[in-house]
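Summary of structural features
This is what each chain is made of:
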Amino acid sequence: MAPTEPAGGTKSDTALRKRKKNKSKNTTLLESRDADGALTGTPTATGSPHTTDTEKPCALAHQPPQQRIRRRRWFIAGIVIGFLVALATVLYTNPTSNTHISKIHTIIGDFEISSLVPDTLLPDDFIRDITKLLSSDTTEQRASEDFQPAMSLVEEEGLGKKHNVILVPGIISSGLESWSTGNCSRPYFRQRLWGTSTMFKAILLDKECWVQHMMLDKKTGLDPAGIKLRAAQGLDAADYFITGYWIWGKAIENLAVLGYDCTDMTLAAYDWRLSYSDLERRDQYFSNLQSRIERALRTGGGKKTVMIAHSMGSQVIHYFMKWVESPKGGKGGKRWVNDHIEAVVTLAGTPLGVPKTLSSLLSGEQRETVQPLASYLLEHFMNRNELARIFRSWTGLPSLLPKGGNAIWGDLDGAPDDLPHVAAESTMETSRIVRATTGNDTEDEQFASYGAQLRFDGDGGSGLGNQTMEDALGLLERVLDADALRFMRRDFSYGVSRTQKEMDAHADDPRTWTNPLQHQLPDAPNMTIFCLYGHGAVTERAYYYTADRHDLQQEESGAPPALRIDKRPRSNVANVDIGIVHGQGDGTVPLMSLGYMCGSGWRKPLYNPHGVRIVTREFIHNPLAAFKDIRGGAAAADHINILGNRDATADILRIVSGHGHRITDRFSSDILEYAKRVNIP
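This report concerns the structure included in the present document. The structure presented is a predicted model; accordingly, all values stated were derived computationally and were not measured.

**What to know about the packing of helix α14 (residues 355-363) against helix α21 (residues 469-479)**
The contact between α14 and α21 brings their axes to 10 Å, and the two run at 30 degrees. By the angle between their axes, α14 is roughly parallel relative to α21. Crossing geometry of α14 relative to α21 is assigned as left-handed. Contacts between α14 and α21 pair L358, L361 and L362 from the former with M469, A472, L473, L475, L476 and V479 from the latter. Here the contact of α14 with α21 is composed, by residue class, of nine nonpolar, no polar and no charged.

Set out below in structure tokens:
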């Protein structure tokens, strides 16, 4: 038997190992090129006979000057980006600090940040690294949260896949990719100009080309000559908006736990810029959707489809249900929906529109663009007039304008959802909005009414008085050019039908198919509509406007003056900040749009004559602190993060598993009180 060596080895062996270890540490492989340009490498000692332990050479000394410069630029870029992130955080959480911006302007001046950013900076890598940096979760914590709540529900409730699933995304989750082959377009062929980091790269480095692709032709409402932009297809087209920022990703993960894959779970992506009629005319979108659902019924053993929509996607589904049964559309007949669709699930749906669509079309502005830092940056990249020009070319965007007129949104005497109306009965929601807006309590505070959708202090130099929603839509019609107005009137309607006679008169009018107050739900008594949405986030509800003295483009006779949001501070009004009158909602869609039809309108025979089952599920937006989870965690329920809300996801899993009948109404807001004040029988 061989003798056993001590665990530590002999002293000579130990010394020998140390010498070998030190030698390997001081040896590096230096690459060079031979005469043919091939890479060669030879082990070269980096040490020196004259180098002591305290004078070890720095690797940087052996790098070429360009590499050292690049490292320094990375370091400087990190400092600059860190400063801007901190500044953005302060200004976003305290947007009333407008007085500081002028000081920052003088400091920054024409400072070119791009000159400091390394040429090798990859947006995807940068965003992924920032996401990891901002996340405090450990790998173990993230692993325990992945695929939840599906993992638990499969074990506890025995859930499994049953119905075919179709996901219908909203604007932010519908990527648009270029199929153009012109000179400007070639670098972006098959790349998404909406929905990935390529979008940001194009905006910053090739803005004119990006604008050419994103705008629609003013005369046709379709692609401009030489430009071809189409909705990206496949589940990966909507799982992440950019690296690290999930959209449908968590929902897809959870559905996969139940057994779903790309054969029975598909994404019905669409070009949201187009009006719905042009979406069918150019892309045959609704025809393809009809065929997909019919095929799933044939091949799936007679199991019907569950359609899950987010945001604008909810309107796409309602339009589809009217289109598919109409002789002018899919010719499926009155019972097609009942025979093919098991349930419709809307996440943060927009049945009655969004006020920020009005401000976007009117002046190219919304809350995100009038924040002090955002406003400054936009003026250097794309100002509000350019944004308004782009928005007005999108013929599908007016589908998101508020519907229901003054009956839903109020008049100059007040609105159904005015905050003081509920202060005596339930101050929880009121307090939440005021604290989030101003940091103050509600006691002795004044509130701006939402009935004046556009407010002018005096007249703001505009010659206009305060505008109700109906007035504001009329003002928008005066502002839009003839082509934009033509498409808007051709494709959409924003009124209210109050009698069956009025319903019958417009039953086959496609303009009313996106307005739930002007069309009736289909003859589908076996179908259920589930409305899932969050509330408790500060949401744009109305605006202060003024004349824009710096814009002289609209001085033509009879044209209204150029307008902009009036950002002057109004510290005496609790629910107003930088010209935005804040209300209740999910951060994007007001509560009146999210919940009125689900909680009241569709429970009336006039709008739901065939007894489609309606279930409303409200989720209080209760995010974690940003340093714990930048997206807010599993209890976040704002407009985007509702797609990852744990309770909402659990409801979806039960619905697609065939257990939707177990889900009942859950109200936690004041929407039912507001609904009682709406003047619709």
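After that view of the structure, there is still more to cover.
**Remarks on the packing of aromatic side chains**
Counted under the stated rule, the structure contains 15 aromatic pairs. Their ring planes at 25 degrees and their centres at 6.3 Å tell us that F320 and W323 sit as a pair that is stacked. Taken together, the residues span about one helical turn, with F320 and W323 both in helix α12 (residues 313-325) at a distance of three residues. Residues F320 and W323 agree in their burial class; the two are buried. With a centroid separation of 6.4 Å and 75 degrees between ring planes, the pair formed by Y543 and Y545 is classed as edge-to-face. Of the two residues, Y543 and Y545, both sit in the buried class. In this structure an aromatic cluster arises from ring pairing among Y270, Y276, Y285, F286, Y319, F320, W323, W336, F492 and W513. Its end group placed over the ring of F487, R486 keeps NZ or CZ at 4.4 Å from the ring centre. Above the ring of Y245, the side-chain terminus of R631 is found at 3.9 Å from the ring centroid.

**Here we look at unusual backbone geometry**
Cis rather than trans, the peptide bond between Q148 and P149 has omega equal to 10 degrees. Along the chain, P149 turns up in the loop between α5 (139-145) and α6 (150-157). In this structure, F147 is a non-glycine residue whose phi angle is positive, near 60 degrees. Here F147 shows up in the loop between α5 and α6. The phi angle at Q284 is positive, at roughly 50 degrees, despite the residue not being glycine. Residue class for Q284 comes out partly exposed when judged on its relative accessible area of 38%.

Calculation criteria
Residues numbered from 1 in each chain as written. Predicted model: local features only at pLDDT ≥ 70, side-chain atom pairs only at ≥ 80, totals over all residues. Heavy atoms only, no water. Axes fitted to C-alpha atoms, helices over the stretch in contact; angles between N-to-C directions. Helix = DSSP H or I, 4+ residues; strand = E, 2+ residues; numbered from the N terminus. Parallel < 35°, antiparallel > 145°, perpendicular 65-115°, else oblique. Left-handed = near helix turned anticlockwise from the far one by under 90°. Contact = heavy atoms within 4.5 Å. Nonpolar A, V, L, I, M, F, W, Y, C, P; charged D, E, K, R; others polar. Phe/Tyr/Trp six-rings, centres within 6.5 Å; stacked < 30°, edge-to-face > 60°. Buried < 20%, exposed > 50% of the residue type's maximum accessible area, 1.4 Å probe, protein only. Lys NZ or Arg CZ within 6 Å of the ring centre and 35° of its normal.

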